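Observations on chain architecture
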Amino acid sequence: MIVTRRPLIAGNWKMNGLSGDGLALAGELARRIEDAADPAFDLLICPPFTLISRIGEALAGSAIALGGQDCHAVETGAHTGDISAAMLADSGCTHVIVGHSERRADHAETDTQVSAKVAAVRSAGLVAVLCIGETEAQRDAGETNAVVARQLADSLPDGATAMNTVIAYEPVWAIGTGRTPSVAEVEAVHALIRGDLAKRLGDDEAARLRLLYGGSVKPDNARELMSLADVDGALVGGASLKADDFWSIAQSSA
Ligand code: PEP
């Protein structure tokens, strides 16, 4: 079966953006995608929780999708400071990043907890952008494939489809560092992920599911990374905060 996967370029704004600059950035991207008329990629932005509703209103009618950067595993209740997937859906989100390495490191999130969050995202009718990737120490120990396979097995609950799941391979040591794996390394890990998904979901569903690469994607390396067979877009941190850079990365994927 020959499948064409439409690239997804996702911006993770992390804890950046007050209303002035956040709304201006979203507005500028909305203007560009409208001018592009029929772009050959999908754009997703994941602002901080505080801006989601206002950016959602500003993006009404735009082709840009809106996502959260995390959610709680349950829908309501006594969880001070947390946000549920249902709340994100209610605020206009269609996607949620889950299991980002900064959540795993800063909040000690385990694969089991991440898996429960992915399930919550699905229950809310949203798409989970599940992040997996090895640390530098794991890479140096030759454990990349084993770590990625284990995280995929343990943090992706059964029932994944190309409609409810996107996987982002993000080597932890490449995030925010300006360093990236070689294209051969990215190709090998993405092929491993696709192969593992095929065993769990079947060849057809695995062939439809989008695999993003994340970690220091910039305008000058995006074209090479996005041209790889099993790379279907990017999860972009720092470069997603500049309209020119984010747009240039998106154009490189088409
Ligand atoms: C990220 O945090 O998901 C990320 C990929 O960051 P950066 O692009 O800044 O490396």
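Residues numbered from 1 in each chain as written. Predicted model: local features only at pLDDT ≥ 70, side-chain atom pairs only at ≥ 80, totals over all residues. Heavy atoms only, no water.

1. Points about the pattern of salt bridges
Inspection of every chain in the model, using the stated rule, returns 21 salt bridges. The partner of K14 in a salt bridge is E102, with the nearest N and O atoms 2.8 Å apart. Pair noted here: K14 is in the loop between β1 (8–12) and α1 (19–35) and E102 is in helix α4 (residues 101–106), with a separation of 88 residues, a long-range link. Among the residues examined, E102 registers a relative accessible area of 30% and is labelled partly exposed. A salt bridge links D196 to K199, with the shortest nitrogen-to-oxygen separation between them at 3.6 Å. Taken as a pair, D196 and K199 lie in helix α8 (residues 183–201) at a separation of 3 residues, close to a single helical turn. On the accessibility criterion, K199 (71% relative accessible area) is exposed. Several salt bridges share partner residues, and in doing so they unite E28, R31, R32, D35 and D244 into one network. (Salt bridge = Lys/Arg side-chain N within 4 Å of Asp/Glu carboxyl O. Helix = DSSP H or I, 4+ residues; strand = E, 2+ residues; numbered from the N terminus. Buried < 20%, exposed > 50% of the residue type's maximum accessible area, 1.4 Å probe, protein only.)

2. With respect to the sheet that holds strand β6 (residues 165–169)
Taken together, the 8 strands give a closed barrel; going around it, the order is β1-β2-β3-β4-β5-β6-β7-β8, and neighbouring strands pair in parallel fashion. Each neighbouring strand pair of the sheet contributes to a mean axis angle of 25°, computed without reference to strand direction. Bridge count for strand β7 (residues 210–214) against strand β8 (residues 233–236) is 2 bridges, and the pairing is parallel. Across the sheet, the residue bridging to G214 is L235, located in β8. (Pairing = 2+ DSSP bridges. Axes fitted to C-alpha atoms, helices over the stretch in contact; angles between N-to-C directions.)

3. Considering the nonpolar core
One finds I9, L43, I45, I167, I193 and L197 to be the most contacted residues of the largest nonpolar core, which totals 60 residues. With near-sequence residues (within four places) excluded, I9 lies in contact with D42, L43, L44, M226, G233, A234, V236, F246, I249, A250 and S253. Counting 13 residues, the second largest nonpolar core, distinct from the first, contains A10, A65, I97 and L212. (Core = buried A, V, L, I, M, F, W, Y, C linked by side-chain atoms within 4.5 Å. Contact = heavy atoms within 4.5 Å.)

4. What about the pairing of β7?
A regular strand places its side chains so that they alternate between the two faces of the sheet. Buried residues dominate β7, accounting for 5 of its 5 residues. Burial along β7 is two-sided: R210, L212 and G214 and L211 and Y213, pointing in opposite directions, are all buried. Note that the unit made of β7, helix α10 (residues 219–226) and β8 has a crossover that is right-handed. (Right-handed = clockwise from strand over helix to strand, strands pointing away.)

5. Digging into the packing of aromatic side chains
The tally for this structure, following the rule as stated, stands at 2 aromatic pairs. Ring geometry for F41 versus W247: centroids 5.5 Å apart, planes at 80°, classification edge-to-face. Taken together, the positions of F41 in the loop between α1 and β2 (42–46) and W247 in helix α11 (residues 243–253) put the pair 206 residues apart, joining distant regions of the chain. On the accessibility criterion, W247 (9% relative accessible area) is buried. (Phe/Tyr/Trp six-rings, centres within 6.5 Å; stacked < 30°, edge-to-face > 60°.)

6. Notes on the pairing of strand β4 (residues 95–98)
Across the two faces of β4 the burial is the same, with H95 and I97 and V96 and V98 all buried. As paired elements, strand β3 (residues 65–68) and β4 share 2 bridges and run parallel to each other. In the sheet register, G68 faces β4, and the bridge partner there is V96. On the question of chirality, the crossover connecting β3 to the parallel β4 by way of helix α3 (residues 85–90) is right-handed. Two elements, β4 and strand β5 (residues 127–132), share 4 bridges in a ladder whose sense is parallel. Within β5, the position partnered with V98 by the bridge is L130.

Interpretation in functional terms is not warranted from these geometric data alone.
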